[in-house]
Amino acid sequence: MLLTLSIAIPAIASLLVLLLPRTSISLIRWTSLGASVAAFIVSLAIYANFQVGEAGFQMVEKLAWIPSIGADWHLGVDGISLFLIILTTLLTVLCIIASWNSIHERVQEYHFFFLLLEAGMIGVFAALDLFVFYVMWEVMLVPMFFLIGVWGGKNRLYATIKFFLFTMAGSVLMLAGILYVYFNTVDPATGAHTFNLLLATEQAKYALDVQRWLFLAFGLAFAIKVPLFPLHTWLPDAHTEAPTAGSVILAGVLLKMGTYGFLRFCLPMFPQATLEFVPWISWLALIGIVYGALVAMVQKDMKKLVAYSSVAHLGFVMLGTFALNQQGLTGSLLQQINHGISTGALFLLVGVVYERRHTRIIADYGGIAKAMPLYAALFLIIALSSIGLPTTNGFVGEFLILLGAFSANTLYGVIATSGVILAAVYLLWMYQRVFYGQITHEENAKLKDITAVEAFPIIILVILAIWIGVYPDPLIVRMEPSLQLVLEKFQQSEFSQMIGALPR
Amino acid sequence: MSLNDLLGILPELVVVFTALLAIVVDIAAKERNVSASQGVVVFGLGIAGVLSIFAATDAEMLLYGQVFNDGFAAWFRALFAFVGVLTAIFSPIYLKFRHIRLGEYYALLAMCVFGMMVMASAASLLLFFVGLETMSISLYVLVGLRRDDPASVEGGMKYLVLGAFSSAFLLYGMALIYGGIGSLEYNVIAQTLRESEGIGPMTASGIALLLVGFAFKISAVPFHFWSPDVYEGAPTTITAFMSTGAKAAAFIGLIRVFGQSLATTSEHWVTALSAVAVVTMTVGNVVALRQQNLKRMLAYSSIAHAGYLLVGIVAGSREAFAASGYYLIGYALMNLGAFGVLILLNQRGKGDYSFDALKGMGTVHPVLGLTMAVFMLSLIGIPPTAGFFGKLYVFSAAIKEGHLLLAIIGLLNSAIAAYYYLRVISTMYMSKPEGDVTVPQPFGYKAALAISSILIIVIGMFPDQLVEAMLRAVP
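Below or above, wherever it landed, is the structure these notes cover.

Conventions adopted
Residues numbered from 1 in each chain as written. Chains lettered and ligands numbered in written order. Predicted model: local features only at pLDDT ≥ 70, side-chain atom pairs only at ≥ 80, totals over all residues. Heavy atoms only, no water. Helix = DSSP H or I, 4+ residues; strand = E, 2+ residues; numbered from the N terminus. Rg over C-alpha atoms; globule rule 2.2 N^0.38 Å. Contact = heavy atoms within 4.5 Å. Areas by Shrake-Rupley, 256 points an atom, 1.4 Å probe, with all protein chains shown as cover. Lys, Arg positive; Asp, Glu negative; His and termini not counted. Charge placed at Lys NZ, Arg CZ, Asp CG, Glu CD. Buried < 20%, exposed > 50% of the residue type's maximum accessible area, 1.4 Å probe, protein only. Pairing = 2+ DSSP bridges. Patch = residues over 30% accessible without salt bridge, like charges linked within 9 Å, V, L, I, M, F, W, Y side chains within 5 Å. Salt bridge = Lys/Arg side-chain N within 4 Å of Asp/Glu carboxyl O. Axes fitted to C-alpha atoms, helices over the stretch in contact; angles between N-to-C directions. Parallel < 35°, antiparallel > 145°, perpendicular 65-115°, else oblique. Left-handed = near helix turned anticlockwise from the far one by under 90°. 1 Å grid on protein atoms, 1.4 Å probe; cavity = no way out; pocket = protein on both sides within 12 Å on 5 of 7 lines; lining within 4 Å. Points joined across faces, edges and corners; volume = space filled by probe spheres on them. Nonpolar A, V, L, I, M, F, W, Y, C, P; charged D, E, K, R; others polar. Buried area = accessible area lost by both parts, 1.4 Å probe. Polar contact = N/O pair within 3.5 Å; in protein donor to acceptor, adjacent residues only side chain to side chain. Expected span 1.5 Å × (residues − 1).

We now examine the overall build of chain A. In terms of regular secondary structure, chain A is built from 21 helices and 2 strands. Its C-alpha atoms give chain A a radius of gyration of 22 Å, near enough to 23 Å, the size a compact globule of 504 residues would have. Along the three orthogonal principal directions, the C-alpha set of chain A runs to about 70 × 55 × 40 Å. The long-range share in chain A, meaning contacts at least 24 apart out of those at least 6 apart in sequence, stands at 80%. Accessible surface for chain A amounts to roughly 16,600 Å². Of this, 68% is attributable to carbon and sulfur atoms. Charge separation in chain A, taken as the distance between the mean sites of 25 positive and 27 negative side-chain charges, equals 9 Å.

Of the regular secondary structure elements, chain B holds 20 helices and 2 strands. In terms of overall size, chain B behaves like a compact globule, its C-alpha atoms giving a radius of gyration of 21 Å where 475 residues would be expected to give roughly 23 Å. Its C-alpha atoms give chain B principal-axis dimensions of roughly 70 × 55 × 40 Å. Within chain B, buried positions represent 64% of all 475 residues. Sequence separation of at least 24 residues holds for 80% of the intrachain contacts in chain B that already meet a minimum separation of 6. Carbon together with sulfur atoms contributes 68% to the accessible area of chain B, which is approximately 16,100 Å² in total. Of note, chain B has its 26 positive side-chain charges centred 10 Å away from the centre of its 26 negative side-chain charges.

Moving on: the pairing of strand S2 (residues 71–77) of chain A. All names here are of chain A. The element S2 is largely enclosed, with a buried count of 7 among its 7 residues. Going residue by residue along S2, you find Ala71, Trp73, Leu75 and Val77 tucked away on one face and Asp72, His74 and Gly76 tucked away on the opposite face as well. Remark: 4 residues form the turn of the hairpin made by strand S1 (residues 58–66) and S2, two consecutive strands paired antiparallel; Gly70 in that turn has positive phi of roughly 80 degrees.

Okay, the pairing of S1(A) next. Here S1(A) runs beside S2(A); their pairing, made up of 6 bridges, is antiparallel. Pairing of Gln58(A) across the sheet is with Val77(A), part of S2(A).

Let's shift gears to a nonpolar patch on the surface. Together, Ile454(B), Ile457(B), Val458(B), Met461(B) and Phe462(B) give the surface a local cluster of nonpolar side chains, amounting to about 430 Å² of exposed area. Tracing the sequence through the fold places Ile454(B) in helix H19 (residues 443–461).

Residues and elements named next belong to chain A. Contact pair helix H4 (residues 107–126) / helix H5 (residues 130–139): the axes reach a minimum separation of 8 Å and the direction vectors enclose 150 degrees. If you check the angle between H4 and H5, you find them roughly antiparallel. The two elements H4 and H5 meet at a crossing, and its hand is left-handed. Two secondary-structure elements touch here, H4 through Ala119, Gly120, Gly123 and Val124 and H5 through Phe133, Met136 and Trp137.

Turning next to the pattern of salt bridges. As a working rule, side chains carrying opposite charge can pair if their charged atoms are close by. Residues and elements named next belong to chain B. Within the structure shown, the criterion is met by 18 salt bridges over all chains. Two residues, Lys359 and Asp356, come together in a salt bridge whose shortest N-O distance is 3.7 Å. Using a relative accessible area of 19% as the deciding quantity, one classes Lys359 as buried. Judged by its relative accessible area of 39%, Asp356 is partly exposed. Each of the salt bridges in this network shares a partner with another, and the network as a whole consists of Glu154, Lys158, Asp229, Glu232 and Arg296.

Within the fold, Ala169(A) resides in helix H7 (residues 156–183). With 52 residues separating them along the chain, Ala169(A) and Ala221(A) place their C-alpha atoms 7.6 Å apart.

Residues and elements named next belong to chain B. With respect to the helices, strands and loops of the structure, Ala249 is situated in helix H11 (residues 236–261). For Ala249, a relative accessible area of 0% corresponds to the buried category. Each C-alpha atom, one on Ala249 and one on Ile343, is 23 Å from the other, the two residues being 94 residues apart in sequence. Apart from the residues within four sequence positions on either side, Ala249 is in contact with Phe80, Met116, Met119, Phe128 and Met135.

With that out of the way, let us pick up the layout of surface pockets. Its boundaries defined by the atoms lining it, the largest pocket holds a volume of some 1,800 Å³. Taken together, 45 residues line the largest pocket, and the ones lying closest to its centre are Ser14(A), Leu15(A), Phe112(A), Leu116(A) and Ile457(B). At the level of secondary structure, the elements contributing two or more residues to the lining of the largest pocket comprise helix H1 (2–19), S1, H4, H5 and helix H6 (141–151) of chain A together with helix H15 (361–364), helix H16 (366–380) and H19 of chain B. The dominant element in the lining of the largest pocket, judged by the number of residues it contributes, is H1(A), at 9 residues. For the lining of the largest pocket, the class distribution of residues is 34 nonpolar, 9 polar and 2 charged. In terms of lining, the second largest pocket is formed by 34 residues, of which the most central are Ile103(A), Glu105(A), Val150(A), Trp151(A) and Gly152(A). Taken together, the elements giving at least two residues each to the lining of the second largest pocket come down to H6, helix H10 (234–241), helix H11 (244–269) and helix H14 (326–357) of chain A together with helix H18 (404–430) of chain B. No other element matches the 4 residues that H14(A) contributes to the lining of the second largest pocket. Class assignment of the residues belonging to the lining of the second largest pocket gives a composition of 14 nonpolar, 12 polar and 8 charged.

Here we come to the interface of chain A and chain B. Facing the 34 residues of chain A at the interface are 34 residues of chain B. Roughly 3,000 Å² of surface becomes buried between chain A and chain B when both sides are summed, with 83% attributable to carbon and sulfur atoms. The interface formed by chain A and chain B includes 0 salt bridges. Between the two partners, chain A and chain B, sit 4 residue pairs in polar contact (both at pLDDT 80 or more). Of all elements in the fold, only S1, H5, H6 and H7 of chain A reach the threshold of two or more residues within the side of chain A that touches chain B. A class-by-class count of the residues in the side of chain A that touches chain B yields 25 nonpolar, 4 polar and 5 charged.

A few words now on helix H3 (residues 79–98) of chain A. Residues and elements named next belong to chain A. Given a rise of 1.5 Å per residue, 20 residues ought to cover 28 Å, and the 29 Å separating the end C-alpha atoms of H3 matches this to within 8%. Within H3, 19 of the 20 residues are buried, which leaves the element mostly enclosed by the surrounding structure. A distance of 3.0 Å separates the backbone nitrogen of Ile80 from a side-chain oxygen at the start of H3, and that oxygen is part of Asp78.

Rendered as structure tokens:
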């Protein structure tokens, strides 16, 4: 019942928040914090119950939901989804803390949407039923639409509608794909069609041309979410306009749904098509790495810079996934978590100075390390982890990805490595311009250093970043068996021949 | 005529009686107090709706094979009664605002519902036509009710002329079918077609004319051009009523005539119908994108929804018809609700239907805003709403029957539609209100909206009961 509980707690709490009187703002905040902490504790219990070394799904729950069409409330967790769920519940807690002093308008609705969003996100990662997956995938869109549209910046309307339409366009095609899979999956117990993901994966033996179409139908939805170049244009807008917590969730969790989707659906169900698309996706990922880094370099707005850095980082994740080897896959999954930690923290950090100065333009700052020493220190650690300095989380992930990429194709590895250098350039350069040198704007001299409430979420993320950087083993041992299961399909003889014959 | 016959058509009898009583009450009431006839109609239609469900037995033929009394008829009669009740609840505030004080309004509404019910239970083309004309003639009057408003008069005229035109097409088609087959009864037509090899030229032209006639009635492209003007010109309550009730009534005719009695000839018309479905949903959505007037936007969007429903007819399986039934019920809830909110907003000063009227509604009127948001999300097809499940069910039936491309086009269309429905939500919640924007919200009104939106979510989350009922009901 743990998985259902982790979804039910935020879902029920969101309704509860709606029933509270509008004016009792602190009660609303505490309710929402309590619920998100409870969900986090449940996710820790899931971690504690997780059997290391098992590749398949654990803690599986199954309840009939819509028997007439064969849709069940079917949840489970494996090494791929485990940490994504924990990341979701953790970031939600931190976001609610971070919103404490920055959201003053329509607090009730804000927390309603935030908790609803959390329920949807956990649902996406835990779903073992294609119908549940799709419902959760779509349900999440609505709170995100409101979070950006109501509490966002100046161009929020444009950004939020663009975000919604991009995602919607992708997901309707995925629905067609899901229905096609549904009609080709039979529940042996009843003989009827079923949305059961396990059966769908097991029975997936489509002809190559069908696989291609299905891969594209699913893959487009995922690629938009990732976002893979050139489908990324919604992301900088959405990130920049979203309120701080919205950006954290967008970067920390929402983007991972795309990469997760590839791992969970495209690779195991359409392996031959996956092999065909490897060069295409790898090159798009490489373009994303280099392009994202170059564009991040010239940004004047800190948030935009972090947003474009996400395009580059997710390029790494995609490259690692489609290296189709153990290092690449492990690195890519680890990097998904890392990106959630580091980029989430970066958005929180940018939010701190934005609260004070209401500007995110790099040129408006300069030398603020003198005024805000603690803030500067935290920012530096997180920036370094985002760059991938050894002993930080980013290093472990990127290193594994590069290993995987090199062994798949040397050229990919070389190009991707240049992305690591570029990341150092844009982040450190920004850091230098914001924090070092003389204070050029007088109003910056009196800036208050980061407060305890603001620092708390960031310190948690800093601890995690270093912990994973030094000792990633607890994550890797839980991830690897499940990833190995995904890879097995590609290591069968017929496939390994195809891998060898790939146009690299 | 036996007692059983009478019991089977009891809902219709109650509705006719209600209509007559509404007129009598209206004459008897002092100072033209129309709320008396409103009460009569709400009550009478409510009873008829409940009776429809309970009168449903196993499928049987009544009145010498002229009337079906099956589950489908039962559900749709109940739906029409429900649509009538909601329209009657929404009406007073609008009629008062427009200075319309006619007791006949409610009587005509009940007569419309009677016509729709007859269409739902008709077992022959002749009776179907009688129902259709009863509905249409009452609607001609209702559409042109605002005699002081040129738009309403124009709408009424257009509806009258084009409605008569399309009725003529239908009638001519029926005559040709009678000439070709020798009967107007659905079952006999189906039987004859099953036994004969190929169809003669007379039957073929009859089918073609029927297709055109139906396309007019459901405002499918390219026979849709009357409907935006008529929808805009009609009193908004009647627009709501037409876009849900009249459309559903035409669709049940389409299911019974094309989906069933002409099913064996589908090779001759299924391609044409698929093409009509594609252009209907695409044109409806694309034109709706550009509308600045909410009422017109909903009019075009209802054309698009007719397109989605046509996919169900093209698919032609039992499941597809059950899906269409589910969709029509969900659609009635959400579209009536959306119009209901619109009617209230209409009273904000200018009485126009521009997007500006929505500004800030989410904060000023939380309940109205929330219900409207639910209606819009359901119209887009976001889970867990009835709109989502309806679309899923219709399109999956189409995919199952091999119409994959049609389903994909339909799904892509719902992504286009998301834009204009989202615009409603974003204007409600993301723009500041200008000046005083409060509107009166009678309790019954608010309750009706709240119940509709809750129902939308409930049958979206737990569709099984309704889906099973629909599957059992499909004739």
